Amino acid sequence: MAFHEMRRRPPDGEGENIYTMPLDGGEPVVLASDAGMPEHLAQDAENLYWTGGAATNKVYKVAKSGGEVTVIADNEAEPAGIAVDAAFVYWANTGDGGVFKAPIAGGQKTLIHQGSSMAGLALRGSTLFSTDMRGNRSVNAHDLESNRTVVLAFGQAVPWRVLAPEGQGVFWSNAGDYRYQGQVASYRAP
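Residues numbered from 1 in each chain as written. Predicted model: local features only at pLDDT ≥ 70, side-chain atom pairs only at ≥ 80, totals over all residues. Heavy atoms only, no water.

**Here's the deal with the overall build of the protein chain**
Looking only at helices and strands, the protein chain has two helices and 17 strands in total. Burial analysis of the protein chain (190 residues in total) assigns 42% to the buried set. Look at the contacts in the protein chain between residues 6 or more apart in sequence, and 27% of them connect residues 24 or more apart. Here the protein chain displays about 10300 Å² of accessible surface, and carbon together with sulfur accounts for 51% of that area. (Helix = DSSP H or I, 4+ residues; strand = E, 2+ residues; numbered from the N terminus. Buried < 20%, exposed > 50% of the residue type's maximum accessible area, 1.4 Å probe, protein only. Contact = heavy atoms within 4.5 Å. Areas by Shrake-Rupley, 256 points an atom, 1.4 Å probe, with all protein chains shown as cover.)

Have a look at this one:
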């Protein structure tokens, strides 16, 4: 029997885990096992959230104190970037280009913005920032209150991750041909 046939495969991806550890030291503790190849993480006061990428095509949450893992959305198209506010979890799909939201407590998902291959997400107030790796290769700002999307920058190499810290501009990286090129750009709204 071949090695890969002997290996037990968990039902959700490769069985990667989510860990926690006190800042003052100690051993890492598994918070969520068989976490389905976690790629991007987000948090609120009580929970951790993550996307499983192409390995599981799911969006998950678990309490910071541990417990049962909840699937917020499944059958997604390579979920990547993730953000959270008091009521919703937001995620970007690289496979179908959608940016979606679903209630934290569970419920129907809603399409927020349609792009080509969405990757990164950042939330600041009522503005959800996203990156689109194909199409116009853009960095976008979507106002969740007015449901209006504005393209902040287009023609980027491959806009990948995005940050939007309070009181600052928007920052993103360009991944190029998936090898990090070290280019970081900044945008400040007028």
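And the narrative resumes.
**Here's the deal with the sheet that holds strand 6 (residues 70–73)**
Reading across the sheet, the four strands line up as 3-4-5-6 and stay open at both edges, with antiparallel pairing between neighbours. The open sheet has two edge strands with one neighbour each: strand 3 (40–43) and strand 6. When strand polarity is set aside, the average angle formed by the axes of neighbouring strands in this sheet is 25°. For strand 3 and strand 4 (residues 47–51), the ladder comprises four bridges, and the chain directions are antiparallel. The partner of His40 across the bridge, within strand 4, is Thr51. (Pairing = 2+ DSSP bridges. Axes fitted to C-alpha atoms, helices over the stretch in contact; angles between N-to-C directions.)

**Remarks on the packing of aromatic side chains**
According to the stated counting rule, one finds three aromatic pairs in the structure shown. Each ring, one from Trp50 and one from Tyr60, has its centre 5.2 Å from the other, and the planes form 15°; the classification is stacked. Within this pair, whereas Trp50 is found in strand 4, its partner Tyr60 is found in strand 5 (residues 59–63), the two being separated by 10 residues in sequence. Accessibility classification places Trp50 together with Tyr60 in one group, the buried group. Ring centres 6.3 Å apart and planes at 55° place the aromatic pair Phe88 and Tyr90 in the tilted group. Exposure remark for Phe88: the relative accessible area of 24% places this residue in the partly exposed category. Here the guanidinium or amino end of Lys109 rests over the ring plane of Phe100, the centre of that ring lying 4.2 Å away. (Phe/Tyr/Trp six-rings, centres within 6.5 Å; stacked < 30°, edge-to-face > 60°. Lys NZ or Arg CZ within 6 Å of the ring centre and 35° of its normal.)

**Some words on the environment of Trp160**
Structurally, the position occupied by Trp160 is in strand 15 (residues 159–163). According to the relative accessible area criterion, Trp160 is partly exposed, its value standing at 25%. Along the backbone, Trp160 and Ser130 are 30 residues apart, and their C-alpha atoms lie at a distance of 8.9 Å.

**So, the confidence of the model for the protein chain**
In this model, the protein chain carries a mean pLDDT of 85, and residues with pLDDT of at least 70 account for 84%. Taken element by element, the protein chain is modelled with least confidence in helix 1 (residues 3–6), mean pLDDT 33, and with most confidence in strand 8 (residues 88–93), mean pLDDT 98. (pLDDT = per-residue confidence, 0-100.)

**Structural notes on the sheet that holds strand 11 (residues 118–124)**
Across a sheet, paired strands are connected by hydrogen bonds in the backbone, their directions being either parallel or antiparallel. Across the sheet, four strands lie side by side as 11-12-13-14; this open sheet has antiparallel pairing. A strand with exactly one partner marks an edge of an open sheet, and here the two such strands are strand 11 and strand 14 (148–153). Between one strand and the next, the sheet's axes are offset by a mean angle of 25°, whatever the strand orientation. Relative to strand 13 (residues 139–143), strand 12 (residues 127–132) runs antiparallel, the two being bridged by five bridges. Looking across to strand 13, one finds that Thr127 is bridged to Asp143.

**Considering unusual backbone geometry**
The backbone phi angle of Arg137 is positive, close to 45°, even though this residue is not glycine. Residue placement: Arg137 occurs in the loop between strand 12 and strand 13. The phi angle at Asn147 is positive, at roughly 60°, despite the residue not being glycine. Take Asn147: it is sitting in the loop between strand 13 and strand 14.

**A closer look at the nonpolar core**
Membership of the largest hydrophobic core is limited to 12 residues, which are Ala42, Tyr49, Val59, Ile72, Ala73, Ile82, Val84, Val89, Trp91, Phe100, Ala102 and Ile104. When residues no more than four places from it in sequence are discounted, the contact partners of Ala42 are Asn47, Leu48, Tyr49, Ile82, Ala83 and Val84. (Core = buried A, V, L, I, M, F, W, Y, C linked by side-chain atoms within 4.5 Å.)

**Notes on the environment of Asn136**
When you line up the elements, Asn136 lands in the loop between strand 12 and strand 13. A relative accessible area of 37% means that Asn136 is categorised as partly exposed. Each C-alpha atom, one on Asn136 and one on Gln156, is 8.1 Å from the other, the two residues being 20 residues apart in sequence.

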